[in-house]
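Summary of structural features
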Amino acid sequence: MSDYVEMLAYFGVSGAHPGGIELTKTMIEHIKLDRDERILDAGCGTGQTAAYLGNLGFEVEAVDMHPLMIEKANLRFKREELPIRALQASVENLPFADASFSLLISESVLSFTHLSVALAEIKRVLAPGSKLIANEAVLKAPLTPEEQAVVRGFYGFHSLLSLSEWKEQLTASGFRDIRILSFDEHMVQEEPTEMELSDQIPPSLYDTLQTHYDLIQAHRKSLSHILFECTV
C-alpha cells in the first residue's frame, strides 16, 4: 500500500474524499433510498459513511483492504451500537454472492484498483437494476507524463482518468444510465474534520500528509473529483 493510504489509516482520517461526510449526506438525500436497500460501502475506511447509513436504518456491509482501517471502523460500529461488521477485502475480490446488493458506494477507492477487474466485481455483486454511486479522482486538465507519474506514484493510483475515460470504462464494463452528479459547493478539498489517531504514528507519515497538501495545491487546475451514478 502507498504511504498515502498508510497515512490515512494511522491518522484515522474520516471522510478523506473531497466534500467529506457532508457531500455523502447530500448524495444520499439526492438519490432517495428505499428503506429496504442493502448497501455495500466498498473501501469503507474508518467507517464514517457506513455508520451514517446504519444510523439511518439501512442494512449495510463494509469492506476495506487496510487492517488498521478495519479495526477503527469496527470500533466505531461498536461504539455506536450498530449491527455492522467491517471485513478486510479487496473491491477486486468481494466476499459476497452474486446480486447481493441494491446499492454500492465507492468514495475515493476505484482509482487505487485495477479498474476493469473492480468494475466487473462490483457489477457481479449488484442485483440487476441496482446502482453504483462513486466519488472518484478525475483529470479535468492534462498533466505532463512526468506529473502523472508523480501523482500516481504518491497516491498509489492504478489509473488517473478524464471524465470521458471514466464514461468509457463504465460503459465497457456494462454500466448504463451514467449520470454525473454536481454538488459544486461541496466539491472542495478541505482539511479532514475528524481523525482517530493511532497511538504510534511513524514520523515519516507527517511528511506524507504535507506532500499530499502540496500536490493538491500544485495541481488544483488539473486534479479534481467526480461524483457519478450508474445502473447495472
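In short, a report on the structure. (Residues numbered from 1 in each chain as written. Predicted model: local features only at pLDDT ≥ 70, side-chain atom pairs only at ≥ 80, totals over all residues. Heavy atoms only, no water.)

**Side note on the sheet that holds strand β5 (residues 126–139)**
Filter applied, for reference: For two strands to pair, DSSP has to find at least two bridges joining them. In DSSP terms, a helix is any run of H or I states spanning at least four residues, a strand is any run of E spanning at least two, and both are numbered starting from the N terminus. Working convention: axes come from line fits to C-alpha atoms, limited for helices to the stretch in contact. Angles between N-to-C directions cover 0 to 180 degrees. By definition, residues are in contact when any of their heavy atoms lie within 4.5 Å.
Taken together, the 7 strands give an open sheet; going across it, the order is β3-β2-β1-β4-β5-β7-β6, and neighbouring strands pair in mixed fashion. This sheet does not close on itself; its edge strands, each paired only once, are β3 (86–88) and β6 (176–181). The average undirected angle you get between the axes of adjacent strands in this sheet is 20°. Seen against the sheet, helix α4 (residues 67–79) touches β2 (59–64) and β3 and runs at an angle of roughly 170° to β3.

**Observations concerning the packing of helix α1 (residues 3–11) against α4**
Quick note on the threshold: Reported orientations rely on four angle classes, namely roughly parallel under 35 degrees, roughly antiparallel over 145, roughly perpendicular from 65 to 115, and oblique for the rest. Crossing handedness is read from the near helix: turned anticlockwise from the far helix by less than a right angle, it gives a left-handed crossing, and turned clockwise, a right-handed one. Under this grouping Gly is polar, as are all residues other than the nonpolar Ala, Val, Leu, Ile, Met, Phe, Trp, Tyr, Cys and Pro and the charged Asp, Glu, Lys and Arg.
Packing of α1 against α4 leaves a shortest axis separation of 9 Å and a crossing angle of 25°. Overall, the two elements α1 and α4 adopt an arrangement that is roughly parallel. The chirality of how α1 crosses α4 is left-handed. Facing Leu8, Ala9, Tyr10 and Phe11 of α1, the residues of α4 in contact are Leu68, Met69 and Lys72. Classifying every residue of the contact of α1 with α4 gives 6 nonpolar, no polar and 1 charged.

**Quick look at the side chain of Gln48**
Just so we agree on the cut-off: Each residue is assigned to one of three classes by its accessible area relative to the maximum for its type, calculated with a 1.4 Å probe on protein chains only: buried under 20%, partly exposed between the two thresholds, exposed over 50%.
Among the secondary structure elements, Gln48 is positioned in helix α3 (residues 48–55). On the basis of relative accessibility, which here comes to 12%, the residue Gln48 falls in the buried class.

**A closer look at the nonpolar core**
For soluble globular proteins, nonpolar side chains are generally found buried alongside one another. The line we're drawing: Think of a nonpolar core as a cluster: buried Ala, Val, Leu, Ile, Met, Phe, Trp, Tyr and Cys residues, connected wherever their side-chain atoms sit within 4.5 Å.
Within the largest apolar cluster, 28 residues are counted, with the highest numbers of intra-cluster contacts made by Leu40, Leu104, Leu110, Ile122, Leu132 and Phe175. Taken together, the elements giving at least two residues each to this core come down to β1 (38–42), β4 (101–107), α5 (115–125), β5, α7 (163–172) and β7 (223–231). Among the elements that make up this core, the one with the highest residue count is α5 (5 residues). The residues touching Leu110, leaving out its near neighbours within four places in the chain, are Val91, Leu115, Ala118, Leu119, Ile122, Ala134, Glu136 and Trp166. Counting 24 residues, the second-largest nonpolar core is a separate cluster that includes Ile28, Ala50, Ala86 and Ile133.

**What to know about helix α2 (residues 20–31)**
Which entries qualify depends on this criterion: In this analysis, the expected span of each helix is defined as 1.5 Å times one less than the number of residues it contains.
With 12 residues, α2 should cover 16 Å at 1.5 Å per step; its first-to-last C-alpha distance of 17 Å lies within 8% of that length. Inspection of α2 places Gly20, Ile21, Leu23, Thr24, Thr26, Met27, Ile28 and Ile31 among the buried residues, and these make up the whole buried set. On its buried face, α2 is in contact with α3, β4, β5 and β7. Lys32 occupies a position one or two residues after α2 and carries a positive phi of about 50°.

**Regarding the pairing of β1**
Condition: The handedness rule is simple: strands pointing away from the viewer, and a clockwise path from the first strand over the helix to the second, make the crossover right-handed.
With 4 of its 5 residues buried, β1 lies for the most part within the structure. Sheet topology note: the β1/β2 ladder contains 5 bridges and is parallel. Of the residues in β2, the one forming a bridge with Asp41 is Ala62. At this point the chain moves from β1, through α3, to the parallel β2, and the crossover so formed is right-handed. As judged from the 3 bridges shared by β1 and β4, these two strands associate in the parallel manner.

**Describing unusual backbone geometry**
For Ala99, which is not a glycine, the phi torsion comes out positive at approximately 55°. Looking at the element boundaries, Ala99 is found in the loop between β3 and β4.

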